[in-house]
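# Descriptive analysis of the structure
The residues making up each chain are set out below.
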Amino acid sequence: MKILVCITHVPDTTSKINFTDNNTRFNTAGVQFIIGPYDDYSLARAIEIKEATPGATVTVLNVGPADTEPTIRKALSVGADDAVRINAEPTDSFFVAKQIAEHAKSIGYDLILMGRESIDYNSGVVHGIVGELLGWPSVSPVMKLDIEGTKAKLAREIEGGKEFLEVNLPFVAGCQEPIAEWKIPNMRGIMSARTKPLKVVEPVSVDSGVKLQQFELPPPKGAVKMIAADNVAELVTLLKNEAKVL
Amino acid sequence: MPVLVFVESAEGKVKKTSLEAVAYAHAMGQGVTAIALGNVDKEELEALGTYGAQKVLHASDSKLNDGIIQAYASVLVKALQDEQADILVLANSSLGTPVAARVAAKISASLASNVVELPNTSAGFAVKRSIYTGKAFMQVELKNQKKVIGIKKNAAEAKAVGLPVQATPYAVTLNDADFAVKITSSEKATGEVLLPEANIVVSGGRGMKGPEHWGILEELAKTLHAATGCSKPVSDMHWRPHHEHVGQTGVKVAPQLYIAVGISGAIQHLAGVNSSKCIVVINKDADAPFFKAADYGIVGDAFDVVPKLTAAIKAIK
């Protein structure tokens, strides 16, 4: 079984977000980049499936310029077999999905996993577009995934609960916790990741329907108003009359 | 040309976020056709007119009672054609967002999700999206004639602007290939206010010391007609179900009022609540970072403050 895991290269969840160039570029100064947390869950589940399935392989794919390679190597260090980097700036969801679908067509995978959304642009649509481009079913957000031969049993989170699903391979899944625990690379993994194959592929051209105009930061938050613990009634008055939320 | 709105429902009732989608489309001023799929109550469909739909289509085939992503996408594409609509508006949700993706790919539409404001059409057609998990926004131009817009909660206010309309039955030919995914069963919390839709959320963290102490939060939530949420450690320890986890990798909420009890306020938790209009933090540690992100704060013991707060709210109701 061939599994493709698509990962994003995104700012650490604790990063302060800033922009440069007249609010048209993300300011990477001082920012630590990581594998997208949702992607990391899907990667961990892919590795678990591989370990339980003789002959299974896991390929990692990222759409990004050369500076995403340390993030790709990290994915290799937790157990992926090889990696592909599509050498392009990921401009929008459709662009990224098209690159993934083109690569997938050229190889022939049985399963494509990724996070439910990236934590930078939060679109949550790439899995669906890839599914549509390949003519495969897509399911998201998936919180449980078990493969039984050519069939999969999944749980999908819905508002206030979950749904249990069955689908035949191949399909695309956007994943989230608690599908698996994040894997921490060990020393052997880190050493072996250095020599695992990382293929660089040039992108296919895409006519993009979305164009960035400008980034914007939210207005700064006003100071907190502290209320004494023995004066809870005052809080209720403020919520009612000042904040007008009761 | 009307704007088509996909109306999501659960147990026959239209979701509140879908009413916001109808209101959003109404505010665009081109006319609105709403479409609902599967089992939806007649009165609920008619009420869509009140919120701004001129026409309501109802594809009532029982195969559409379950939210099958592919099948829903195909029905919406057909409805866009039949209504000669170029724009689809829907509420982002665990169903709406993946459906939007497939519709946009099928018709080569410009796609934007997590949209927080009405479009700016002064030059072209641009929308503002929430990004970096609520820490920033981006203005994007949607260049294609066809557009799919997924809106975030509170992007528009659902209010009565018209009169009820009779729903038109909408016959669809369903394709078996769209039912490759089979829903075998589901588990749903019943009789509770759903977290992503709630106007008020009461959340608890590790400071609650154990699941057996949630009663006081549930009592407060009930008094406020609020949903209950929790921090990541709480759901990781299985004190509360996963669908209540609020934060970076959990549910992102945007209520009018968010009350956090015994949550220190890790940046990953704040990412899930930063779209709230008003935040109240109750924590016994005066140095808890959450106070910096709050509008109102009380330093005190949750087991003392929360019952008092519930009583004070009951007193004004």
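Residues numbered from 1 in each chain as written. Chains lettered and ligands numbered in written order. Predicted model: local features only at pLDDT ≥ 70, side-chain atom pairs only at ≥ 80, totals over all residues. Heavy atoms only, no water.

The next subject is the overall build of chain A. Across its full length, chain A carries six helices and 15 strands. Summarising its shape, the C-alpha atoms of chain A cover approximately 65 × 45 × 40 Å along the three principal directions. A burial count over chain A gives 53% of its 246 residues as buried. Across chain A, the fraction of contacts at a sequence separation of at least 24, relative to all contacts at a separation of at least 6, is 69%. Of the roughly 10,700 Å² of accessible surface on chain A, 51% is carried by carbon and sulfur atoms. The averaged location of the 31 negative side-chain charges in chain A is 2 Å from the averaged location of its 26 positive side-chain charges. (Helix = DSSP H or I, 4+ residues; strand = E, 2+ residues; numbered from the N terminus. Buried < 20%, exposed > 50% of the residue type's maximum accessible area, 1.4 Å probe, protein only. Contact = heavy atoms within 4.5 Å. Areas by Shrake-Rupley, 256 points an atom, 1.4 Å probe, with all protein chains shown as cover. Lys, Arg positive; Asp, Glu negative; His and termini not counted. Charge placed at Lys NZ, Arg CZ, Asp CG, Glu CD.)

Looking now at the sheet that holds strand β7 (residues 82-86) of chain A. Taken together, the 10 strands give an open sheet; going across it, the order is β13(A)-β7(A)-β6(A)-β1(A)-β8(A)-β12(A)-β9(A)-β10(A)-β11(A)-β12(B), and neighbouring strands pair in mixed fashion. Two strands in the sheet have a free side with no partner beyond their single neighbour: β13 (198-201) of chain A together with β12 (182-188) of chain B. Neighbour-to-neighbour, the strand axes of this sheet turn through a mean angle of 30 degrees, independent of strand direction. Lying over the sheet, helix α1 (residues 37-52) of chain A contacts β1 (2-6), β6 (57-63), β8 (111-115), β9 (138-148) and β12 (171-175) of chain A, oriented at roughly 145 degrees with respect to β8 of chain A. The sheet strands contacting helix α2 (residues 69-77) of chain A are β6, β7 and β13 of chain A, and the helix crosses β7 of chain A at an angle near 155 degrees. (Pairing = 2+ DSSP bridges. Axes fitted to C-alpha atoms, helices over the stretch in contact; angles between N-to-C directions.)

All names here are of chain B. Parsing chain B into structural domains produces domain 1 (3-179) and domain 2 (195-316). For domain 1 versus domain 2, the distance between C-alpha centres works out to 31 Å. Buried surface at the junction of domain 1 and domain 2, both sides included, amounts to about 880 Å², of which 40% is carbon and sulfur. By the criterion of area lost to domain 2, the three top residues of domain 1 are Lys16, Thr133 and Lys153, representing 57% of everything that side buries. Linking domain 1 with domain 2 are zero salt bridges. On inspection of domain 1 and its partner domain 2, the count reaches six residue pairs in polar contact (both at pLDDT 80 or more). Here the side of domain 1 that touches domain 2 is composed, by residue class, of no nonpolar, four polar and five charged. (Domains from an automatic or database assignment. Buried area = accessible area lost by both parts, 1.4 Å probe. Salt bridge = Lys/Arg side-chain N within 4 Å of Asp/Glu carboxyl O. Polar contact = N/O pair within 3.5 Å; in protein donor to acceptor, adjacent residues only side chain to side chain. Nonpolar A, V, L, I, M, F, W, Y, C, P; charged D, E, K, R; others polar.)

A separate point is the interface of chain A and chain B. Across the contact, 76 residues belong to chain A and 80 residues belong to chain B. Of the roughly 6,800 Å² buried where chain A meets chain B, counting both sides, 59% is carbon and sulfur surface. The tally of links from chain A across to chain B stands at seven salt bridges. Inspection of the region where chain A meets chain B yields 43 residue pairs in polar contact (both at pLDDT 80 or more). Breaking the side of chain A that touches chain B down by element, the ones donating at least two residues are α1, α4 (126-134), β9, β10 (151-158), β11 (161-168), β14 (210-216), β15 (225-227) and α6 (232-241) of chain A. In this sheet, strand β17 (residues 296-299) of chain B lies alongside β15 of chain A in parallel orientation, the contact comprising three bridges.

Attention now goes to the nonpolar core. In terms of nonpolar packing, the biggest core is built from 95 residues, with Leu43, Ile112 and Leu145 of chain A together with Val103 of chain B touching the most fellow members. No other element matches helix α3 (residues 69-82) of chain B, which puts nine residues into this core. For valine 103 of chain B, the residues in contact, after removing those within four places along its chain, are Ala73, Leu76, Val77, Leu80, Leu88 and Val148 of chain B. Formed by 42 residues, the second largest nonpolar core is a distinct cluster that contains Ile17 of chain A together with Val3, Leu48 and Ile151 of chain B. (Core = buried A, V, L, I, M, F, W, Y, C linked by side-chain atoms within 4.5 Å.)

A surface patch of nonpolar side chains, amounting to about 300 Å² of accessible area, comprises Met187, Ile190 and Met191 of chain A. Looking at the secondary structure, you find methionine 191 of chain A in helix α5 (residues 187-193). (Patch = residues over 30% accessible without salt bridge, like charges linked within 9 Å, V, L, I, M, F, W, Y side chains within 5 Å.)

Residue and element names in this part refer to chain B. Running from amino to carboxyl end, helix α5 (residues 215-224) crosses helix α8 (residues 302-316) at an angle of 20 degrees, the nearest separation of the two axes being 9 Å. The orientation of α5 with respect to α8, classified from their angle, is roughly parallel. Considering the relative orientation of α5 and α8, their crossing is left-handed. On α8, the residues that touch Ile216, Leu217, Glu219, Leu220, Thr223 and Leu224 of α5 are Ala302, Phe303, Val306, Pro307, Leu309, Thr310, Ile313 and Lys314. Here the residues of the contact of α5 with α8 sort into 10 nonpolar, two polar and two charged. (Parallel < 35°, antiparallel > 145°, perpendicular 65-115°, else oblique. Left-handed = near helix turned anticlockwise from the far one by under 90°.)

All right, on to the side chain of aspartate 178 of chain B then. Residues and elements named next belong to chain B. With respect to the helices, strands and loops of the structure, aspartate 178 is situated in the loop between β11 (167-169) and β12. Within the buried set, aspartate 178 has no salt-bridge partner at all; the shortest N-O distance to an opposite charge, 4.8 Å, is to lysine 106. When near neighbours in sequence (up to four residues on either side) are disregarded, aspartate 178 contacts Ile68, Gln70, Ala71 and Ser74.

Moving on, we come to α1 of chain A. Residue and element names in this part refer to chain A. The end-to-end C-alpha distance of α1, which contains 16 residues, comes to 23 Å, matching closely the 22 Å that a straight helix rising 1.5 Å per residue would cover. For α1, a buried count of 12 out of 16 residues is recorded, marking the element as mostly surrounded by other parts of the structure. Within the sequence span of α1, burial applies to Pro37, Tyr38, Asp39, Asp40, Tyr41, Ser42, Leu43, Ala44, Arg45, Ala46, Ile47 and Ile49. (Expected span 1.5 Å × (residues − 1).)

All names here are of chain A. Burial runs high along β1: four of the five residues are buried. Pairing geometry for β1 and β6, over five bridges, is parallel. Residue pairing in the sheet places leucine 4 in a bridge with threonine 59 of β6. The pairing of β1 with β8 spans four bridges and is classified as parallel. Pairing of valine 5 across the sheet is with leucine 113, part of β8.

This brings us to the pattern of salt bridges. A complete count under the given rule lists 33 salt bridges over all chains for this structure. The partner of glutamate 48 of chain A in a salt bridge is lysine 183 of chain A, and the shortest N-O contact between them spans 3.7 Å. Separated by 135 residues along the polypeptide, glutamate 48 of chain A in helix α1 and lysine 183 of chain A in the loop between β12 and α5 bring together distant segments of the chain. Across the salt bridge formed by glutamate 218 of chain B and arginine 240 of chain B, the nearest N and O atoms sit 3.3 Å from each other. A residue pair is termed long-range when its members are at least 10 positions apart, and glutamate 218 of chain B in helix α5 and arginine 240 of chain B in the loop between α6 (232-236) and β15 (257-261) qualify at 22 residues. It is possible to trace a salt-bridge network through shared partners that takes in Arg45, Glu48, Lys144, Asp146 and Lys183 of chain A.

Here the focus is the UniProt feature "binding site: FAD" (unreviewed entry) in chain B. Residues and elements named next belong to chain B. Listed under "binding site: FAD" (unreviewed entry) in the UniProt record, and renumbered for this structure, are Arg206, Gly262, Ile263, Ser264, Gly265, Ala266, Ile267, Gln268, His269 and Asn283. Within the fold, glycine 262 resides in the loop between β15 and α7 (267-273). Of the residues examined, glycine 262 reaches a relative accessible area of 15% and is grouped as buried. The residues contacting glycine 262, other than those within four sequence positions of it, are Gly205, Arg206, Gly207, Ile282 and Asn283. Note that alanine 266 resides in the loop between β15 and α7. (UniProt positions renumbered as here; feature names shortened; annotations may be inferred.)

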